[in-house]
Amino acid sequence: MADGRPADPLEEQLEDEESAPRLRLSRRGIAVLSVLGAAVLGVLAWLVFFSSVLNVRDVAVQGTPDGKLTSDQVREAIGGLAGGPLARVDLDGVKHRVESIPRVAKAEVWRGWPHTLQVKVVQRTAVAAVKGDDGQFTQVDASGVSFATEAAPPEGVPVVELRLSQQAKDVDGVISRAQLVQGAVSVAAGLPQEISKRAGSVLVHSYDDIELQLSGGATVRWGSPEQNDRKALVLVALMKQKGTNFDVTAPEAPAVSG
């Protein structure tokens, strides 16, 4: 250096960097890069939303292990909504169609990239089977929805049967058979598991006279479909006593006999 001091390598590096030409894009260069970026995005959007590159090739269905509802039935319900690019599938529309299947209580739908539409179903669970005049059994879930009719009731599910008294028949215009069935189903839905698995039948004689027939020959006078939760708790405690006839029509004054 001119003052006789030895050169500082760091100072020389900084001077070289300051004197080096800086790369600056012109307005034309920026415009070209913008056009290229837009073109790339446009191509990607076309590939995803309009081309057949990412078309739906499979509909994967979960939640149908028992064979009552098959994956093919779910796919059939979805129909043409599962066609074309996966990104354009109407997920809400697919969900609505799947949930319109009587056996389906709830459905979840999502995209499984790159080619699969994923569907998960939750099937309805029968809490009672209503015996019709034709001898067929209609399965009903806890919310009161009828979803299947078969020649035999599901195993372990109470059978609701109308055996109306003359008095109940006389007031049919006041309390309909549908209301009576609904009341009996609400009773079956509220039974604790240890009672439900023993309840072979729920017999409806009138609105205020519902009777449970349990395995082993025991019977339970339930009364009306009111205070179901309290009656269920009382019945569980009551059945710890010996007897064949249990009465919870008035849960504050239950009785055991036989």
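Student: Pulling in residues and values, what's your account of the pattern of salt bridges?
Tutor: Per the stated rule, a full pass over the model turns up 7 salt bridges. Residue Glu99 pairs with Lys95 through a salt bridge whose shortest N-O separation is 3.0 Å. Taken together, the positions of Glu99 and Lys95, both in helix α4 (residues 91–99) and 4 residues apart, correspond to about one turn of that helix. Take Lys95: its relative accessible area is 30%, and that puts it in the partly exposed class. Its salt-bridge partner being Glu161, residue Arg163 comes within 3.6 Å of it at the nearest N-O pair. Arg163 gets classed as partly exposed once you look at its relative accessible area, which sits at 43%. Through salt bridges that share partners, Lys68, Arg103 and Glu150 make up one connected network.

Student: Could you give an account of the sheet that holds strand β6 (residues 146–150), naming the residues involved and the relevant values?
Tutor: With mixed pairing, the 9 strands of this open sheet are ordered in space as β6-β5-β4-β7-β8-β9-β10-β11-β12. The two strands at the open ends of the sheet, each matched to only one other strand, are β6 and β12 (255–257). For this sheet, the mean angle separating the axes of adjacent strands, direction not counted, is 25 degrees. Strand direction decides the pairing type here: strand β11 (residues 245–247) and β12, joined by 3 bridges, are antiparallel.

Student: Can you lay out unusual backbone geometry for me, pointing to particular residues and giving the numbers?
Tutor: Here Trp113 and Pro114 are connected by a cis peptide whose omega angle stands at 10 degrees. Mapping Pro114 onto the fold places it in the loop between β2 (104–112) and β3 (116–123). For Gln227, which is not a glycine, the phi torsion comes out positive at approximately 55 degrees. Tracing the chain through its elements places Gln227 in the loop between β10 (219–223) and α8 (228–238). A residue is classified by how much of its surface remains accessible, and Gln227, at 45% relative accessible area, is partly exposed.

Student: Can you tell me about the environment of Ala105, naming the residues and giving the values?
Tutor: Here Ala105 lies in strand β2. Of the residues examined, Ala105 reaches a relative accessible area of 39% and is grouped as partly exposed. On a C-alpha basis, the gap between Ala105 and Val145 in space is 9.4 Å, while along the polypeptide they are 40 residues apart.

Student: For the packing of helix α3 (residues 71–78) against α4, give the residues involved together with the corresponding values.
Tutor: Interhelical geometry of α3 versus α4 gives an angle of 125 degrees and a closest axis separation of 8 Å. One finds that α3 runs oblique with respect to α4. Where α3 crosses over α4, the two elements pack in a sense that is right-handed. On α4, the residues touching Val74, Ala77 and Ile78 of α3 are Val94, Arg97 and Val98.

Student: Give me the nonpolar core: which residues, what numbers.
Tutor: Val160, Val185, Leu212, Val220, Trp222 and Leu235 are the most contacted members of the largest nonpolar core, which has 31 residues in total. For this core, the elements supplying multiple residues, two or more each, are β4 (126–131), α6 (177–189), β8 (199–206), β9 (209–214), β10 and α8. No other element matches α6, which puts 6 residues into this core. Excluding residues that lie within four positions of it along the chain, Leu212 makes contacts with Val187, Leu191, Ser201, Val202, Ala218, Thr219, Val220, Trp222 and Leu235. Within the second largest apolar cluster, 18 residues are counted, among which are Val74, Val98, Ala107 and Val121.

Definitions and limits used
Residues numbered from 1 in each chain as written. Predicted model: local features only at pLDDT ≥ 70, side-chain atom pairs only at ≥ 80, totals over all residues. Heavy atoms only, no water. Salt bridge = Lys/Arg side-chain N within 4 Å of Asp/Glu carboxyl O. Helix = DSSP H or I, 4+ residues; strand = E, 2+ residues; numbered from the N terminus. Buried < 20%, exposed > 50% of the residue type's maximum accessible area, 1.4 Å probe, protein only. Pairing = 2+ DSSP bridges. Axes fitted to C-alpha atoms, helices over the stretch in contact; angles between N-to-C directions. Parallel < 35°, antiparallel > 145°, perpendicular 65-115°, else oblique. Left-handed = near helix turned anticlockwise from the far one by under 90°. Contact = heavy atoms within 4.5 Å. Core = buried A, V, L, I, M, F, W, Y, C linked by side-chain atoms within 4.5 Å.

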